[in-house]
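Overview (structure and organization)
Here is what each chain is made of, one letter per residue.
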Amino acid sequence: MNQEIFAALAQLEKERGIPQAYMLEKITQALVAAYKKDKDGYTDNVFVETEGGDMRMYVQKEVVDGVITPATEISLEAAKKIDPHAQLGDLVNVDVETKAFGRIAAQTAKQVIIQGIREAERGMVFENFSSKEHEILTGTVLRIEPVSGDMMIRIGNGNDKTDALLAASEQVHGEVFKEGDTIRVYVVEVRRGSRGPQVLVSRTHPGLVKRLFELNVPEIENGLVEIKSVAREAGSRTKIAVHATEAGIDPVGACVGPRGGRVGAVVEELRGEKMDIVVWSEDPVEFVASALSPASVVSVTLVPGMVKACRVIVPDDQLSLAIGKEGQNARLAARLTSYKIDIKPASQAEELEEEAAAAAETEEAAE
């Protein structure tokens, strides 16, 4: 039985990477518990030793004149058969009979190994994939739930694989996948669950866009260009604000790449999602004007007395472009900059200035 157990553990370590020491600890704990349950009166005096490919169980007993509790006591005569030097009051380790131990081991080891494999694999999956949070992984669509639309994705390589949940809410509207398709996903979170780790992935998360640019733009990878913020409406349009950490570098040009190859690779992965790359600035006036690209901006004025709010004046013929279809351009610019943006055409600029002047006069008179 010992040989079978050790051979099985060696095979587990080789095929699944589960350390023998971990499994041996689990097996010895279970064997001791099983023996105590099988033998009334045995407590903490039962233990298992493993050495050199051998496993033996012992019961530690005190040497006494008259045995009252056989589970914990042994006569001097019986003790001397184990240790000729034994004396009254000594503790001796009594070897559990091979037949009895073998029966218990046979019943217990298989169950413990199976359970130990599950626990170890769950622990390994959690450790491996929690370190991959906020990264992009490639997986295969295993199944698609017909009612909810949720997908189960097999991600990882080799033995380092697990199933991840791509919820319907994290899928891009219009993207269609079928079982067996290869898909790239963004790891949002890895949770511990009663049935093992749960890996949650997304195709809509703004982090997916950020990671794709990091993979395709060497200047981002080596720190010459930073992605400051991303605003995304998945499947439709994304705005990304970039900043050069060294003078002489064009951050937008770096992200676009020669002949648009770099941004093109990102757009292709996102299946045609439009991409606006703008220059980030510490100056909110400059940043807001840049964020409203491709529209031209006449002026940006911070609204006094309001937190992160501004009024933007654009040429009349640029108004619809600045606002965008169904307000998308203005909405994304507001998310990108974290500013409330009120867009007005240039034809109303003079009227707005007069209103502001009148309000200021009224305020002064009140004071």
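A brief structural summary. (Residues numbered from 1 in each chain as written. Predicted model: local features only at pLDDT ≥ 70, side-chain atom pairs only at ≥ 80, totals over all residues. Heavy atoms only, no water.)

Some details on the pairing of strand β6 (residues 151–157)
Bridge analysis of strand β5 (residues 136–144) against β6 gives 5 bridges, and the strand direction is antiparallel. Across the sheet, the residue bridging to Val-141 is Ile-153, located in β6. What sits between the antiparallel neighbours β5 and β6 is a turn of 6 residues, in which Gly-149 has the positive phi angle 85°. The pairing of β6 with strand β7 (residues 160–166) spans 7 bridges and is antiparallel. By the bridge assignment, Ile-153 is partnered in β7 with Ala-164. (Pairing = 2+ DSSP bridges. Helix = DSSP H or I, 4+ residues; strand = E, 2+ residues; numbered from the N terminus.)

With respect to the nonpolar core
Of all hydrophobic cores here, the largest spans 23 residues; its most connected members are Leu-9, Ile-27, Tyr-35, Val-46, Met-55 and Met-57. Elements with a contribution of two residues or more to this core: α1 (2–16), α2 (20–38), β1 (46–51), β2 (54–64) and α4 (98–130). Broken down by element, the residue count for this core peaks at 7 residues, all from α2. (Core = buried A, V, L, I, M, F, W, Y, C linked by side-chain atoms within 4.5 Å. Buried < 20%, exposed > 50% of the residue type's maximum accessible area, 1.4 Å probe, protein only.)

Brief notes about the packing of helix α5 (residues 206–216) against helix α8 (residues 261–269)
The N-to-C vectors of α5 and α8 enclose an angle of 140°; their axes lie 9 Å apart at closest approach. Comparing the axis directions of α5 and α8 gives the class oblique. α8 is crossed by α5, and the crossing has right-handed handedness. Where α5 approaches α8, its residues Leu-212, Phe-213 and Asn-216 are matched on the opposing element by Arg-262, Val-263, Ala-265, Val-266 and Glu-269. Looking at the contact of α5 with α8 residue by residue, the class counts come to 5 nonpolar, 1 polar and 2 charged. (Axes fitted to C-alpha atoms, helices over the stretch in contact; angles between N-to-C directions. Parallel < 35°, antiparallel > 145°, perpendicular 65-115°, else oblique. Left-handed = near helix turned anticlockwise from the far one by under 90°. Contact = heavy atoms within 4.5 Å. Nonpolar A, V, L, I, M, F, W, Y, C, P; charged D, E, K, R; others polar.)

Concerning the pattern of salt bridges
All chains considered together, the criterion is met by 19 salt bridges. The partner of Glu-189 in a salt bridge is Arg-191, and the shortest N-O contact between them spans 3.3 Å. A salt bridge links Arg-232 to Glu-273; the nearest nitrogen and oxygen atoms lie 2.9 Å apart. Of this pair, Arg-232 sits in strand β10 (residues 225–233) while Glu-273 is found in the loop between α8 and β12 (274–279), placing the two residues 41 residues apart along the sequence. For the pair formed by Arg-232 and Glu-273, the shared burial category is buried. Salt bridges sharing common partners tie together Glu-175, Arg-184, Arg-203 and Glu-269. (Salt bridge = Lys/Arg side-chain N within 4 Å of Asp/Glu carboxyl O.)

Description of the sheet that holds β7
Note: strands within a sheet are paired through backbone hydrogen bonds, in either parallel or antiparallel orientation. Strand order in the closed barrel formed by 5 strands is β5-β6-β7-β9-β8, with mixed pairing between adjacent strands. Each strand axis lies, on average, 50° off the axis of its neighbour in the sheet, ignoring direction. Two strands pair when backbone bridges link them, and β7 and strand β9 (residues 198–202) are joined in this way by 2 bridges, in the parallel orientation. Residue Ala-164 lies in a different strand from β9, and its bridge partner there is Val-199. Packed onto the sheet, α5 meets β5 and β8 (182–191) and runs at close to 120° relative to β8.

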